Amino acid sequence: MVFFGKKGIGIDLGTANTNVYIEGKGIVLGEPSVVAIDKTTDEVVAVGEDAQKMIGRTPGSIVAIRPMKDGVIADFDITASMMEYFIKKAVGRSASKPLVVVCVPGGGTEVEKRAIIDATKMAGAKEAYLIEEPFAAAIGAGLPVNEPTGSMVVDIGGGTTDVATISLGGIVSSRTIKMAGDQMDVSIIHFIRNRYNLLIGERTAEAVKMELGSASLEAAKEMDSMDIRGRDLLTGLPKTITIKAEDVAEAIKEVVDSIIVAVKGTLEDTSPEISADVIDRGIVLTGGGALLNNLSDVIAKETDVPVFVASNPLECVAIGTGEALNHMDVYKKQSR
């Protein structure tokens, strides 16, 4: 296999964020998976961080969208344009086309996987391969994926949560659910609207989650509160309210419970030998959702298995996707 010099590329194409890893350099780019489009001309106005700033603040002719939904392509052409932008920004101008490895959520259909390969090639890749997200997360977290011992990873991204047990270079059992960081934001928006008659946007909901989010209602009672601003649904005027951490814990409880059910289900599908290894080594959490307060403690309590947060959870998938460039034999089992 011929690589693009030292510039084979690994892409963590997430629903919320995209990270780009260049072989020999590491992660060189990390930006929101957002594209701003001029609806009158269908032209791309901005991508990434610049487009993220436009969400909720654009005039009628411009719309800021996320072309990825629940870890899969929702808009093919815009996803290809976004990937082309990220690849060019990461690599720069070159006559050679790169080999690209892209991570995908576990449990994706063949049609969804083919769409990502096609979009990657349209974006300028010479060759495109796929690696499943939980497998990439396990590599990035430093788990011994090639050894005859069981490991378990829970990758909580923006659109999906992937749970998998891994041994001997392959996924043994897995579950993928569309309950993750984005759904927490949606749940917070709905809760605040129903409880306080206040309408807030996605960015405010995410800020609330990051500041006050807790997987444990009891622990949330000991946390602080914060002021948030939105539009009063009764008067239509701007309004500021104070929200408690326990409100946020109540709002996201359904998502947290769904993640716990997925973890338990995956453990139930696992052989006794691998289950014993998981008990010894523990469950590793990756992805942005791993940073939710008290989540590791709640999962550990519900499963009676030690749970740890990876040292760099936000970048584990991107690092693992990039590392696959150096270990083709490891990831080919997970590719198309």
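- Where an unreviewed UniProt entry is consulted, the protein chain appears under the name Cell shape-determining protein MreB, with the organism given as Alkalibacterium iburiense.
- Check the Sequence similarities (unreviewed entry) section of the UniProt entry for the protein chain; it says "Belongs to the FtsA/MreB family."
- Reading the Subunit (unreviewed entry) entry of the UniProt record for the protein chain gives the comment "Forms polymers."

**Some thoughts on the overall build of the protein chain**
Reasoning step 1: Within the protein chain one finds 13 helices and 18 strands.
Reasoning step 2: Along the first, second and third principal axes, the C-alpha set of the protein chain runs to 65 × 55 × 30 Å.
Reasoning step 3: Looking at the 336 residues of the protein chain, the share that counts as buried comes to 54%.
Reasoning step 4: Long-range pairs, those at least 24 residues apart, make up 63% of the contacts in the protein chain with a sequence separation of at least 6.
Reasoning step 5: Carbon and sulfur atoms provide 48% of the accessible area of the protein chain, an area that totals close to 15,200 Å².

**Focus on the sheet that holds strand S16 (residues 238-244)**
Strands in a sheet are paired, the pairing made by backbone hydrogen bonds, and the direction either parallel or antiparallel.
Reasoning step 1: One open sheet holds the 3 strands; their spatial order is S14-S15-S16, and the pairing between them is antiparallel. Unpaired on one side and paired on the other, strand S14 (198-199) and S16 mark the two borders of the sheet.
Reasoning step 2: Sheet topology places strand S15 (residues 225-232) next to S16; 7 bridges connect them, and they run antiparallel. What sits directly across from serine 225, in S16, is lysine 244.
Reasoning step 3: Across the sheet, helix H6 (residues 202-212) is in contact with S15 and S16; its angle to S15 comes to roughly 165°.

**Digging into unusual backbone geometry**
Reasoning step 1: Notably, aspartate 42 is not glycine yet its phi reads approximately 60°, a positive angle.
Reasoning step 2: Among the residues examined, aspartate 42 registers a relative accessible area of 63% and is labelled exposed.

**Some words on a nonpolar patch on the surface**
Reasoning step 1: Together, Leu291, Val309 and Leu314 give the surface a local cluster of nonpolar side chains, amounting to about 260 Å² of exposed area.
Reasoning step 2: Along the chain, the position of valine 309 falls in strand S18 (residues 307-309).

**Focus: helix H11 (residues 295-303)**
Reasoning step 1: Considered for burial, the residues of H11 that qualify are Leu295, Ser296, Val298, Ile299 and Thr303. The buried residues of H11 occupy an angular sector of 165° when projected down its axis, which confines them to one face. Exposed residues lying more than 90 degrees from the buried face of H11 are Asp297 and Lys301.
Reasoning step 2: Looking at the buried positions of H11, the neighbouring elements they touch are strand S11 (151-156), helix H9 (253-268), strand S17 (283-286) and S18.

**So, the side chain of glutamate 31**
Reasoning step 1: You can see glutamate 31 is positioned in strand S3 (residues 26-32).
Reasoning step 2: Only 2.4 Å separates the side chain of glutamate 31 from the side chain of lysine 89, close enough to count as a polar contact.
Reasoning step 3: Among residues more than four places away in sequence, those in contact with glutamate 31 are Asn17, Thr18, Val47, Gly48, Glu49, Tyr85, Phe86 and Lys89.

**Remarks on H9**
Reasoning step 1: Compared with an ideal rise of 1.5 Å per residue, which puts 16 residues at 22 Å, H9 spans 22 Å between its outermost C-alpha atoms and is within 8% of the ideal.
Reasoning step 2: Buried within H9 we find Val255, Val256, Ile259, Ile260, Ala262, Val263, Gly265, Thr266 and Leu267.

Thresholds applied
- Residues numbered from 1 in each chain as written.
- Predicted model: local features only at pLDDT ≥ 70, side-chain atom pairs only at ≥ 80, totals over all residues.
- Heavy atoms only, no water.
- UniProt positions renumbered as here; feature names shortened; annotations may be inferred.
- Helix = DSSP H or I, 4+ residues; strand = E, 2+ residues; numbered from the N terminus.
- Buried < 20%, exposed > 50% of the residue type's maximum accessible area, 1.4 Å probe, protein only.
- Contact = heavy atoms within 4.5 Å.
- Areas by Shrake-Rupley, 256 points an atom, 1.4 Å probe, with all protein chains shown as cover.
- Pairing = 2+ DSSP bridges.
- Axes fitted to C-alpha atoms, helices over the stretch in contact; angles between N-to-C directions.
- Patch = residues over 30% accessible without salt bridge, like charges linked within 9 Å, V, L, I, M, F, W, Y side chains within 5 Å.
- Salt bridge = Lys/Arg side-chain N within 4 Å of Asp/Glu carboxyl O.
- Arc of directions from axis to C-beta.
- Polar contact = N/O pair within 3.5 Å; in protein donor to acceptor, adjacent residues only side chain to side chain.
- Expected span 1.5 Å × (residues − 1).

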